[in-house]
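# Residue-level structure breakdown
Listed below, chain by chain, are the residues.
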Amino acid sequence: MRTLILIAAVLAATPALAGPYEDALAAYDRNDLSTAARLYRLAADQGHSQAQISLGMMYAFGRGVTRNAVEAVKWYRLAAAQGELHAHTLLGAMYEAGQGVEGDLQKSYMWFALAAEGDPSRIADRDRVAGKLTFPQLDKAKEMAAACRASNFKQCD
């Protein structure tokens, strides 16, 4: 009986085996940001789109890594290429603000428009940027969004 209690205590103290993304979430929750960043990178390198977004956000805000907007955009793009609406929104914001990329309102509109197709709460972002464009620029931005969508988010730059 004592052996069973000891085994149960050891198992309770041993973390469950999870993938790098789940381990990154746990590390982030513990505020162990350098470990979270390392684990997010591992999962992101394996193509995990949520890890790519999370790692990009860590770079965007300098949490556990040196703040680097260019690196943030890199990870957002990888997730966006997988159709992640949140990544589309983040790219729209980066292009609108000129963070990590040269400011480009047409690309900002394109990403917000793509996000708005699956998330109506992004319509306001899309429309805000549309108000900053001329009619020819808006037409071009709509064409860019259509081409991006048609390529399954592979030809968006």
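Residues numbered from 1 in each chain as written. Predicted model: local features only at pLDDT ≥ 70, side-chain atom pairs only at ≥ 80, totals over all residues. Heavy atoms only, no water.

### A closer look at the environment of D23
Mapped onto the secondary structure, D23 falls in helix α2 (residues 20–29). Expressed as a C-alpha distance, the spacing of D23 and Y40, which sit 17 residues apart in the sequence, is 8.5 Å. Non-local contacts of D23, meaning those with residues more than four positions away in its chain, are made with A18 and L39. (Helix = DSSP H or I, 4+ residues; strand = E, 2+ residues; numbered from the N terminus. Contact = heavy atoms within 4.5 Å.)

### A look at helix α7 (residues 105–118)
For α7, spanning 14 residues, the distance from its first C-alpha to its last is 20 Å, which sits close to the expected 20 Å at 1.5 Å a residue. Among all positions of α7, only K107, S108, Y109, M110, W111, F112, A113, L114, A115 and A116 are buried. On its buried face, α7 sits against α5 (69–80), α6 (85–97), α8 (123–130) and α9 (135–150). Two or three places before Q106, at the opening of α7, D104 has a side-chain oxygen 3.0 Å from that residue's backbone nitrogen. (Expected span 1.5 Å × (residues − 1). Buried < 20%, exposed > 50% of the residue type's maximum accessible area, 1.4 Å probe, protein only. Polar contact = N/O pair within 3.5 Å; in protein donor to acceptor, adjacent residues only side chain to side chain.)

### Some remarks on the environment of G131
If you trace the backbone, G131 turns up in the loop between α8 and α9. For G131, a relative accessible area of 65% translates into the label exposed. For G131 and Y109, which are 22 residues apart along the polypeptide, the C-alpha to C-alpha distance reads 9.9 Å.

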